[in-house]
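Each chain, written out:
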Amino acid sequence: MKIDFRVTNPIATSIPLDYKIYKQQQEQQKQNEQQQTISVPVTTTSEPIKKRTNRSEEQFRQIFMKTGVVSQASGSAYIEIENTKVICSVHGPRASPKTELFESAKFSCELKFASFARPGERIDYMESAKEKDLSINLRQSIIGAIRLEKYPKTVIDVYVMVLNDDGGVLVAAITAASMALADAGVEMYDMVSACSSICIRNQSISNGSNGSGSGNGSSGAAPKVQSSILLDPTLQEEESKDSLGCVVVAKMPSLNEITQIIQTGELSYNNTIDGIDLCIDGCDKIYSIMKQNLISSLEKQVSKKLE
Amino acid sequence: MVIQSLSPSEIYFIQQGVENNLRNDGRTRLDYRPFELDIGEISHAVGSSRIILADTHILVGIKADISAPDPLTPNKGSLTFSVDCCPSASPEYEGKGADYINIELAKQLERVMKDSNSMDLGGLCIMPGKYCWNLYIDAIVLDSGGNLFDALSIGVRAALANTRLPTIRITQGEYSTVDFEVSDDPEAMQSLDIDGVPINVTLTTIGNQFVVDCSGEEEQCMDARMTIGVNKRGNICGIQKGGVAGIDAHTINQMILAAKQVGSEILKTMDNVLKDHHIATK
Amino acid sequence: MTEKTTMTTQYLSEININIYTPSKRLGLMHHRSNCNINAGTSMQDVDVYSNKSNAKEEEMYDDENDPKTQFARNLVTPGTTISKEGEYLKGHGTFHHQGSLIASVSGVVDKVDKLVSVRAFHSRYQGEIGDIIVGRITQVAAKRWKVDCNARQDYILMLTAINLPGGIQRRRTSSDELQMRNFFVENDLIYAEVQAINGDGSVALHTRNQRYGKLMNGVLVSVPPALIKRSKQHAHTLDCGVDIILGVNGYIWIADSAQQQAQTQLIQRHEKDSYDQPLFVPPQVKQVSRESRQKIARVRNAIHILHTHYMLIHTRSIMEIYNMTLNMPLTDMLTPNKARQIITAVHTNIQERMGFKDDNEENDTDMISQFNHDTEMND
């Protein structure tokens, strides 16, 4: 089919084709680069993965959890996974302004990044597509655990604020939201715990010194890539160029049901299954930590009342 | 066609059918409905396709422009996805009603096609660090009959196969500047390599079993959904779960395996037909 | 741990890829069959690119075969002048303008004695008293249910218009009103008849008959109402053992005969013995065997083929396609190419039978004369 490209499809360019302006831009860019060497490193994507020093490949980072941190909310929780800091508050179940008859509660989740949360530029307050996507994923992870039919004609809102992003934001958000809902006294089938893992390309391919590498790469015509799976990645590991893909799993451990699974990147079938299995084990371990924290905070509340 | 909610006995009927491996229209659990692809219908777009999968009707158009590449990936072009569900597909998509589902669909496409790095974006680079092609992929859902995720990805893949970009000639100008010229010749155009482009395979659990390519009424009885991106190499390019219910780990393994098998079948058939019609040059 | 299940079925039967070329523009309406030969009083294929003259030829042919009816079949579009004012009485779909009678919808002109009306092809279903319909409950309101019947408005089913269990005839009390949900809930399918059309245009239904009531354990298919003609009987048991109800509003209900019979017996027994307790249907009665499911799927696919090719839907056309496709796997019926082949075969069958009509005028077994007979009875 003949297309007269000139008339109907002008190619838009954003680079001026005038020589002088182009030269000026070049000089400006060089100046900016010189200034930027003083500021904080902008991004981590082009760097290779740093080998883990303080923990093994299948070990979590240190987790700190506390509930009841926001006085105005029905329930709240604060989670720190080393440098990732997330706070979650739950409002509801409360009456909705709309008089529609819902047979079950209306459940909505909102996740926001603080402007200073990520390395690099300041995050605009307008909701970006990434935040909307994380909100949707968060909602889908927890909605299966809440007994919505117990609260007809009400609205339950979950607000998550990410104060510092060092990898595992969705994991922290899901865990915080479950704790906050339990703190608020909302009826649930089980708490939801989440875990993430990434599959990385090993640097030392030839000597076979791949540590605890598990699973080989794709089959068929593609060359075999030695890969290994890391649990609970940091931001640097998640965004490095050696990362082949990432898996996030959210699970209700007592019922043994997976409520959310997200995988990005291109992974072979075996790597995917290994990643999912590792995450499922991780979820169970995080669940026990969640339970301990909840019970200790309940004990504190009871002891306060007795005073 | 408006998809109505179903009565409990209809839901039970469909669930029993799925258990018996015989769905309402006679398909087995892993059968796909036949679909039609119309390619190259939109002359103003560099690539376009239309997919009709039973009642689902989607139009995909691709536009291109040139700009500087992302400084983090100087050798690659970029893709931008957007999906728009028209109110014609369902009255609930009017106004802001479709916002949620538009983002979900666009994000899943982005996750599977862009984030997985499965597609070779190096072919979109004109001059490393200076110029590259940006493709804007826009999909319109005109009618919905279930299984939007899969239909969108197949439509986008076909549109990418149909994409023809003008060849660029790079010239050395005065004062050692490097300039480029867009060729005017409508015959000399380059096409894209769609070998690495994955497609989505959506599996929905109904009762204790899962099915591929659910119709509109089956979507009303679904418990949970897993959308899995599969490419020609047999690798998994993106998974997202939807729906309220949970799935146990064993079923997830089976679903991923089934998606891999169904996905590679579809990709094989699609590539053969595209080749026969000389749409894909490879 | 993952067991590989043997998948003996094929995943895809076929992909159709059409390449756009200007000469193929007409072919874009690929779902409609190109042959416009439909028997008797069936609707013409409203293909935008087809000529009106084609349609007129069919009509004249039909006229010769229907000397009894006074129908002059003319296709009109909005704005076409039908006749001069004063010649005829103005019916639905027409209006007076500057001394002439003009059509306001696109459709077939019906002239009955002195009344002229235009019957549209694609209009919403409009209920008439005595129509048998299949509807879906949308709302449980005060002393009534609102039913969606593919019409302009939801139809009303009054609490007083249903049969109480046990066949008791008594006044409905307030406790009946509180227990409305025991009868019908939202999204239930019901089989009812149009009782009356009120002054404000709202339509009332009733289920005051043993055979009317809630429909369970089957499949609902939705088609345009124009494809189903009013006839003496709407609930049929096909030869293959499948029950179908052709609702005049375009909703068709398909179920397994044996299972429905067992279900009805259970419900009748329940009403006699324990009508104050909620109805519980045990799984054995709800069960539909695999063979029956295949039959139901085949009937459903047959209806779908008739729907996409805009042919009249009735037991004979369904059974024609059913018998023709008995040896075909069910999934083949879904592909557009096979569907087109089936329709062409059906058309040739009809043509053959039309050819023999003059010889066996007394013989009422062929489709066309039966159509005329039926429509005469109801018009």
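Not measured: the values here are computed from a predicted model. (Residues numbered from 1 in each chain as written. Chains lettered and ligands numbered in written order. Predicted model: local features only at pLDDT ≥ 70, side-chain atom pairs only at ≥ 80, totals over all residues. Heavy atoms only, no water.)

*Asks:* Would you explain the overall build of chain A in this entry?
*Replies:* The secondary structure content of chain A amounts to six helices and nine strands. Across the 307 residues of chain A, 47% fall into the buried class. Residue pairs at least 24 apart in sequence account for 75% of intrachain contacts in chain A once pairs closer than 6 positions are excluded. Counting every atom, chain A has about 16,100 Å² of accessible surface; 52% of that belongs to carbon and sulfur. (Helix = DSSP H or I, 4+ residues; strand = E, 2+ residues; numbered from the N terminus. Buried < 20%, exposed > 50% of the residue type's maximum accessible area, 1.4 Å probe, protein only. Contact = heavy atoms within 4.5 Å. Areas by Shrake-Rupley, 256 points an atom, 1.4 Å probe, with all protein chains shown as cover.)

*Asks:* It is not clear to me how the overall build of chain B should be interpreted in this structure. Could you clarify?
*Replies:* Across its full length, chain B holds five helices and 14 strands. Taken over C-alpha atoms, the radius of gyration comes to 20 Å for chain B, in line with the 19 Å a tight globule of 282 residues would show. Referenced to the eigenvectors of the C-alpha coordinate spread, the extents of chain B come out at roughly 80 × 40 × 35 Å. Taking all 282 residues of chain B together, 61% fall into the buried category. Within chain B, contacts between residues separated by at least 24 positions form 69% of all contacts whose residues are at least 6 apart in sequence. In the form shown here, chain B has an accessible surface area of approximately 9,700 Å², with 49% of it arising from carbon and sulfur atoms. (Rg over C-alpha atoms; globule rule 2.2 N^0.38 Å.)

*Asks:* I'm lost on the sheet that holds strand S15 (residues 219-222) of chain C in this one. Help?
*Replies:* By definition, the strands of a sheet pair up through backbone hydrogen bonds, in either a parallel or an antiparallel sense. Residues and elements named next belong to chain C. Across the sheet, which stays open at both edges, the four strands sit in the order S15-S18-S17-S16 with antiparallel pairing between neighbours. A single partner strand is all that each edge strand has here, and the edge strands are S15 and strand S16 (235-237). Each strand of the sheet is rotated relative to its neighbour by a mean of 20°, with strand direction disregarded. On top of the sheet, helix H6 (residues 290-308) reaches S15, strand S17 (242-246) and strand S18 (251-256); it is set at about 160° to S18, its chief contact. (Pairing = 2+ DSSP bridges. Axes fitted to C-alpha atoms, helices over the stretch in contact; angles between N-to-C directions.)

*Asks:* Can you walk me through helix H3 (residues 129-143) of chain A in this structure?
*Replies:* Residue pairs three or four apart in sequence face the same way in an α-helix, which turns once every 3.6 residues. All names here are of chain A. If you check H3, its first and last C-alpha atoms are 21 Å apart, about what 15 residues at 1.5 Å a residue would give, namely 21 Å. Within H3, eleven of the 15 residues are buried, leaving the element largely enclosed by the surrounding structure. The complete set of buried residues in H3 reads Glu131, Asp133, Leu134, Ser135, Ile136, Asn137, Leu138, Gln140, Ser141, Ile142 and Ile143. (Expected span 1.5 Å × (residues − 1).)

*Asks:* Is there a simple way to think about unusual backbone geometry in this case?
*Replies:* Keep in mind that most residues, glycine aside, have a negative phi and that most peptide bonds are trans. Residue and element names in this part refer to chain C. Of note, the phi angle at Asp113 is positive, near 50°, even though the residue is not glycine. Among the structural elements, Asp113 can be located in the loop between strand S7 (107-112) and strand S8 (115-120). Although it is not a glycine, Lys143 sits at a positive phi angle of roughly 60°. As for its placement among the helices and strands, Lys143 is situated in the loop between strand S9 (132-141) and strand S10 (144-148).

*Asks:* Just checking my understanding: could you explain the pairing of strand S2 (residues 75-81) of chain A for this structure?
*Replies:* A regular strand carries its side chains on alternate faces of the sheet. All names here are of chain A. Most of S2 is tucked away, with six of its seven residues classed as buried. Where strand S1 (residues 63-67) meets S2, five bridges bridge the pair, whose relative direction is antiparallel. Its bridge partner lying in S2, Thr67 is registered against Ala77. Direction of pairing for S2 relative to strand S3 (residues 84-95): antiparallel, over a ladder of seven bridges. Bridged to Tyr78 within S3 is Ile87. Counted between consecutive antiparallel strands, the loop separating S2 from S3 contains two residues, among which Glu82 sits at a positive phi close to 55°.

*Asks:* Would you take a moment to explain the UniProt feature "domain: Exoribonuclease phosphorolytic" (unreviewed entry) in chain B for this structure?
*Replies:* Those residues carrying the UniProt feature "domain: Exoribonuclease phosphorolytic" (unreviewed entry) are residues 32-166 and 196-261 of chain B in this numbering. The distance separating the terminal C-alpha atoms of residues 196-261 of chain B is 17 Å; by composition the span is 27% helix and 39% strand. (UniProt positions renumbered as here; feature names shortened; annotations may be inferred.)

*Asks:* Would you take a moment to explain the environment of B:Arg233 for this structure?
*Replies:* Mapped onto the elements of the fold, B:Arg233 is located in the loop between strand S13 (224-230) and strand S14 (236-242). In the structure, B:Arg233 is positioned 37 residues away from B:Met270 in sequence and 15 Å away in space, judged by C-alpha atoms.

*Asks:* Whenever I open this one, helix H3 (residues 148-162) of chain B confuses me. Can you help?
*Replies:* An ideal rise of 1.5 Å per residue puts 21 Å on 15 residues; H3(B) measures up with 21 Å between its terminal C-alpha atoms. Most of H3(B) sits inside the fold, with 15 of its 15 residues counted as buried.

*Asks:* Mind showing me how you'd approach the packing of aromatic side chains here?
*Replies:* Each aromatic ring pair is specified by the distance between its two centres and by the angle formed by the two planes. Residues and elements named next belong to chain C. Summed over all chains, the structure comprises six aromatic pairs over all chains. Pairing Trp145 with Phe184 gives two aromatic rings, centres 5.2 Å apart and planes at 75°, and the pair type is edge-to-face. You can see Trp145 sitting in strand S10 and its partner Phe184 sitting in the loop between helix H3 (180-183) and strand S12 (189-197), a full 39 residues away along the chain. Taken individually, Trp145 and Phe184 each receive the classification buried, so the pair is uniform in this respect. Each ring, one from Tyr191 and one from Tyr212, has its centre 5.0 Å from the other, and the planes form 90°; the classification is edge-to-face. Of the two residues, Tyr191 sits in strand S12 while Tyr212 sits in the loop between strand S13 (203-207) and strand S14 (213-215), which places them 21 residues apart along the sequence. You can call Tyr212 buried: its relative accessible area is 7%. Following the ring pairs from residue to residue traces out a cluster consisting of Trp145, Phe183 and Phe184. Over the ring of Tyr88 we find Lys114; its NZ or CZ atom is 5.9 Å from the centre of that ring. (Phe/Tyr/Trp six-rings, centres within 6.5 Å; stacked < 30°, edge-to-face > 60°. Lys NZ or Arg CZ within 6 Å of the ring centre and 35° of its normal.)

*Asks:* What am I meant to see in the sheet that holds S7(C) here?
*Replies:* Residue and element names in this part refer to chain C. As summarised here, the arrangement of the four strands in space is S2-S7-S8-S4, forming an open sheet in which the pairing is mixed. Each of the sheet's edge strands pairs with one partner strand only, and the pair in question is strand S2 (75-76) and strand S4 (89-90). Pairing between S4 and S8: two bridges, direction parallel. Of the residues in S8, the one forming a bridge with Leu89 is Leu115.

*Asks:* Any chance you could explain the pattern of salt bridges here in plain terms?
*Replies:* Where charged atoms from two side chains of opposite charge come close, those side chains can pair. Residue and element names in this part refer to chain C. Counted according to the given criterion, the structure contains 24 salt bridges over all chains. Salt-bridge contacts for Lys338 lead to Asp332; the nearest nitrogen and oxygen are separated by 3.8 Å. Classification of Lys338 as partly exposed rests on a relative accessible area of 27%. Exposure remark for Asp332: the relative accessible area of 17% places this residue in the buried category. (Salt bridge = Lys/Arg side-chain N within 4 Å of Asp/Glu carboxyl O.)

*Asks:* It is not clear to me how the nonpolar core should be interpreted in this structure. Could you clarify?
*Replies:* Generally speaking, nonpolar side chains in soluble globular proteins are found buried as a group. Within the largest apolar cluster, 147 residues are counted, with the highest numbers of intra-cluster contacts made by B:Leu160 and B:Ile256. Once you skip the residues sitting within four places of it in the chain, B:Leu160 turns out to touch B:Ile62, B:Met119, B:Leu135, B:Ile137, B:Leu192, B:Ile194 and B:Val197. With 42 residues, the next largest nonpolar core counts C:Val221, C:Val242, C:Leu330 and C:Val346 among its residues. (Core = buried A, V, L, I, M, F, W, Y, C linked by side-chain atoms within 4.5 Å.)

*Asks:* Which parts of the structure should I look at to understand the side chain of B:Asn102?
*Replies:* Residues and elements named next belong to chain B. With respect to the helices, strands and loops of the structure, Asn102 is situated in helix H2 (residues 99-115). Given a relative accessible area of 12%, Asn102 falls into the buried group. Excluding residues within four positions of it along the chain, Asn102 makes contact with Val83, Asp84 and Cys85.

*Asks:* What is the right way to look at the confidence of the model for chain A in this model?
*Replies:* Regions with low pLDDT carry predicted coordinates that are not meant to be interpreted in detail. Residue-level pLDDT values for chain A average 78, and 75% of them are 70 or greater. Note that pLDDT drops below 50 for residues 3-9 of chain A; the model gives that stretch 16 contacts with residues more than four away or on any other chain. (pLDDT = per-residue confidence, 0-100.)

*Asks:* Looking at this structure, I do not really get the state of the cysteines. What am I missing?
*Replies:* Working definition: the covalent bond between the sulfur atoms of two cysteines is a disulfide. All names here are of chain A. Going through the model one piece at a time under the given rule, you end up with zero disulfides over all chains. Cys199 takes part in no disulfide bond, and the closest cysteine sulfur to it belongs to Cys246, at a distance of 10 Å. Cysteine Cys246 is unpaired, with the sulfur of Cys279 as its nearest cysteine sulfur at 7.7 Å. (Disulfide = S-S within 2.5 Å.)

*Asks:* Explain the environment of B:Met226 to me, please; I cannot follow it from the model alone.
*Replies:* Summarising the element assignment, B:Met226 is placed in strand S13. For the pair B:Met226 and B:Ile239, spaced 13 residues apart in sequence, the C-alpha to C-alpha distance is 6.9 Å. Beyond its immediate sequence surroundings of up to four residues, B:Met226 is in contact with A:Ile261, B:Val201, B:Thr202, B:Leu203, B:Ile239, B:Gln240, B:Lys241, B:Ile247, B:Ile252, B:Met255 and B:Ile256.

*Asks:* How do you make sense of the packing of H2(B) against H3(B) when you look at a structure like this?
*Replies:* A pair of packed helices is characterised by two quantities: the angle between their axes and the separation of those axes. Residues and elements named next belong to chain B. Look at H2 against H3: their axes get within 10 Å of each other, and the N-to-C directions meet at 50°. Between H2 and H3, the crossing angle belongs to the class labelled oblique. H3 is crossed by H2, and the crossing has right-handed handedness. Within the contact between the two elements, H2 uses Ile101, Glu104, Leu105, Gln108, Leu109 and Met113 and H3 uses Leu148, Phe149, Leu152, Ser153 and Val156. Its residues placed into classes, the contact of H2 with H3 shows eight nonpolar, two polar and one charged. (Parallel < 35°, antiparallel > 145°, perpendicular 65-115°, else oblique. Left-handed = near helix turned anticlockwise from the far one by under 90°. Nonpolar A, V, L, I, M, F, W, Y, C, P; charged D, E, K, R; others polar.)

*Asks:* Explain the packing of H3(A) against H2(B) to me, please; I cannot follow it from the model alone.
*Replies:* At a minimum axis distance of 10 Å, the contact between H3(A) and H2(B) shows a crossing angle of 100°. Classified by the angle between their axes, H3(A) and H2(B) sit roughly perpendicular to one another. Contact residues: H3(A) offers A:Lys132, A:Asp133, A:Ile136, A:Asn137, A:Arg139 and A:Gln140, while H2(B) offers B:Tyr100, B:Ile103, B:Glu104, B:Lys107 and B:Arg111. Each residue belonging to the contact of H3(A) with H2(B) can be placed in one class, and the counts come to three nonpolar, two polar and six charged.

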